[in-house]
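Commentary on secondary and tertiary structure
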Amino acid sequence: SRRGIAALEQALSTYQAKGQALGPAAAATAENLDALRQAGKDMVDLSLDIKNAERSRTLALVANLKRQLLVAGLCVIASGLALAWLLARKILRALGVIVQATADIGQGRFKPLKSPQADDETGLVIEAFNRMTRELERRQAQLVQEKKLSSLGVLTSGIAHQLNNPLNNISTSCQILIEEHGQCEPAFAGRMLTNIQQEVLRARDIVKGLLEFSRAKDFSLKPTALAPVVAGAFRLVSSQTPSGITLSRDVPEDLVLHLDAARMQEVLINLLLNAVQAMDAPSGA
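The shown structure was predicted, so the numbers you read here are calculated from the model rather than taken from an experiment.

Things to note about the side chain of Thr224
On the secondary structure map, Thr224 appears in strand β1 (residues 222–225). Judged by its relative accessible area of 13%, Thr224 is buried. A distance of 3.0 Å separates a polar side-chain atom of Thr224 from the backbone oxygen of Lys222. If near-sequence neighbours (up to four positions away) are discounted, Thr224 is found in contact with Val229, Leu255, Val256, Leu257, Leu259 and Ala261.

Describing a nonpolar patch on the surface
Judged by side-chain polarity, Leu83, Leu87, Ile91, Leu92 and Leu95 come together as a nonpolar surface patch covering roughly 490 Å² of accessible area. By the secondary structure assignment, Leu92 is in helix α2 (residues 30–106). Using a relative accessible area of 58% as the deciding quantity, one classes Leu92 as exposed.

Focus: the nonpolar core
Leu226, Val229, Val230, Ala233, Phe234, Leu236, Val237, Leu259, Leu268, Ile269, Leu272 and Leu273 together form the largest nonpolar core, which totals 12 residues. Only α5 (226–237) and α6 (261–278) provide two or more residues apiece to this core. Ranked by residue count, the leading element in this core is α5, at 7 residues. One finds Ile98, Ile105, Leu113 and Ile126 within the second-largest nonpolar core, a separate group that totals 6 residues.

Looking at the packing of aromatic side chains
Inspection of the entire model under this criterion finds 0 aromatic pairs. The lysine or arginine in question, Arg249, covers the ring of Phe234, its NZ or CZ lying 5.4 Å from the ring centre.

Regarding α6
With 18 residues, α6 should reach 26 Å at 1.5 Å per residue; the first-to-last C-alpha distance of 25 Å fits that figure. For α6, the set of buried residues is Ala262, Gln265, Glu266, Leu268, Ile269, Leu272, Leu273 and Val276.

Remarks on the environment of Ser220
Checked against the element boundaries, Ser220 lands in the loop between α4 (186–214) and β1. A sequence separation of 40 residues divides Ser220 from Asp260, and the C-alpha atoms of the two residues are 5.4 Å apart. Among all residues touching Ser220, those that are not within four sequence positions of it are Leu259 and Asp260.

Considering the packing of α5 against α6
In the contact formed by α5 and α6, the axes pass within 9 Å of each other and the chain directions differ by 45°. Comparing their axes, α6 and α5 come out oblique. Here α5 and α6 pass one another in a crossing that is right-handed. Residues Leu226, Val229, Val230, Gly232, Ala233, Phe234, Leu236 and Val237 of α5 form the contact with α6, whose participating residues are Ala261, Met264, Gln265, Leu268, Ile269, Leu272 and Leu273. In terms of residue class, the contact of α5 with α6 is built from 13 nonpolar, 2 polar and no charged.

Re the environment of Asn164
Within the secondary structure, Asn164 sits in helix α3 (residues 121–179). Asn164 sits in the partly exposed class, given a relative accessible area of 36%. Along the sequence, Asn164 and Ala203 sit 39 residues apart, while their C-alpha atoms lie 8.9 Å from each other.

A look at α5
Residues spaced three or four apart along an α-helix face the same direction, because each turn holds 3.6 residues. Counted at 1.5 Å a residue, the expected span for α5 with its 12 residues is 16 Å, and the 17 Å between its end C-alpha atoms agrees. Taking burial as the measure, the 12 residues of α5 include 10 buried ones, the bulk of the element. Of all the positions in α5, only Leu226, Ala227, Val229, Val230, Ala231, Gly232, Ala233, Phe234, Leu236 and Val237 are classed as buried.

So, how was this worked out
Residues numbered from 1 in each chain as written. Predicted model: local features only at pLDDT ≥ 70, side-chain atom pairs only at ≥ 80, totals over all residues. Heavy atoms only, no water. Helix = DSSP H or I, 4+ residues; strand = E, 2+ residues; numbered from the N terminus. Buried < 20%, exposed > 50% of the residue type's maximum accessible area, 1.4 Å probe, protein only. Polar contact = N/O pair within 3.5 Å; in protein donor to acceptor, adjacent residues only side chain to side chain. Contact = heavy atoms within 4.5 Å. Patch = residues over 30% accessible without salt bridge, like charges linked within 9 Å, V, L, I, M, F, W, Y side chains within 5 Å. Areas by Shrake-Rupley, 256 points an atom, 1.4 Å probe, with all protein chains shown as cover. Salt bridge = Lys/Arg side-chain N within 4 Å of Asp/Glu carboxyl O. Core = buried A, V, L, I, M, F, W, Y, C linked by side-chain atoms within 4.5 Å. Phe/Tyr/Trp six-rings, centres within 6.5 Å; stacked < 30°, edge-to-face > 60°. Lys NZ or Arg CZ within 6 Å of the ring centre and 35° of its normal. Expected span 1.5 Å × (residues − 1). Axes fitted to C-alpha atoms, helices over the stretch in contact; angles between N-to-C directions. Parallel < 35°, antiparallel > 145°, perpendicular 65-115°, else oblique. Left-handed = near helix turned anticlockwise from the far one by under 90°. Nonpolar A, V, L, I, M, F, W, Y, C, P; charged D, E, K, R; others polar.

Shape descriptors only; they carry no functional weight alone.
See the structure below:
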């Protein structure tokens, strides 16, 4: 310290003064020599005190530096652990959302994920997942439509045969009316016209059911009476049923379910066609 240096300088000055006071060797007295030795001893003691003080100060600085480094290291480790925990939590949360969305896709619910605010790797993964979801939804819609068209192709020949009967009846009734024009009784003509109307309505229902089945519609769940849906499916499949197989249904007229009518009709048609085709011989119901 400055105080110790000043004391050492003072001791050095005293030592020099004592040394100069001795003069020639013959003039040196025991008292002067003792004073010189004491001044030298004081100077050495001050030097040792300064050395020990500086050593203690240096050791204290080193110990303080070690404590600061330890605290800084612990802070860095704690910050790293906290950052790793936050990143792991963020990543695991995003993975959990993706896992749930994947399960929803497996059940046919194509719902895009909400993109995060931060533009980082997680956001890029979610955006890629949403693109995949949209593509899967589009592909599924194509597959559904292709499956529907495939079923429609199977039904076409039977529908043509099914339409042929009302058209033949209409043609026969019209031919009779033309031939009996002006000569038949009004009651007979009324029965012929009624028959024509019934056959026209029958053909209209067949064509209407076919058009509704082939038309692409968005998936929509709503309360729907099940009996008309089943009746439409039976009407379309009946033309593909061999003579030895009887289709029967037992659906309450007042049964209303929360469903998509078009999709349910597709399911029923596929089930009925598969059941009919699975029979080796047309001998059952």
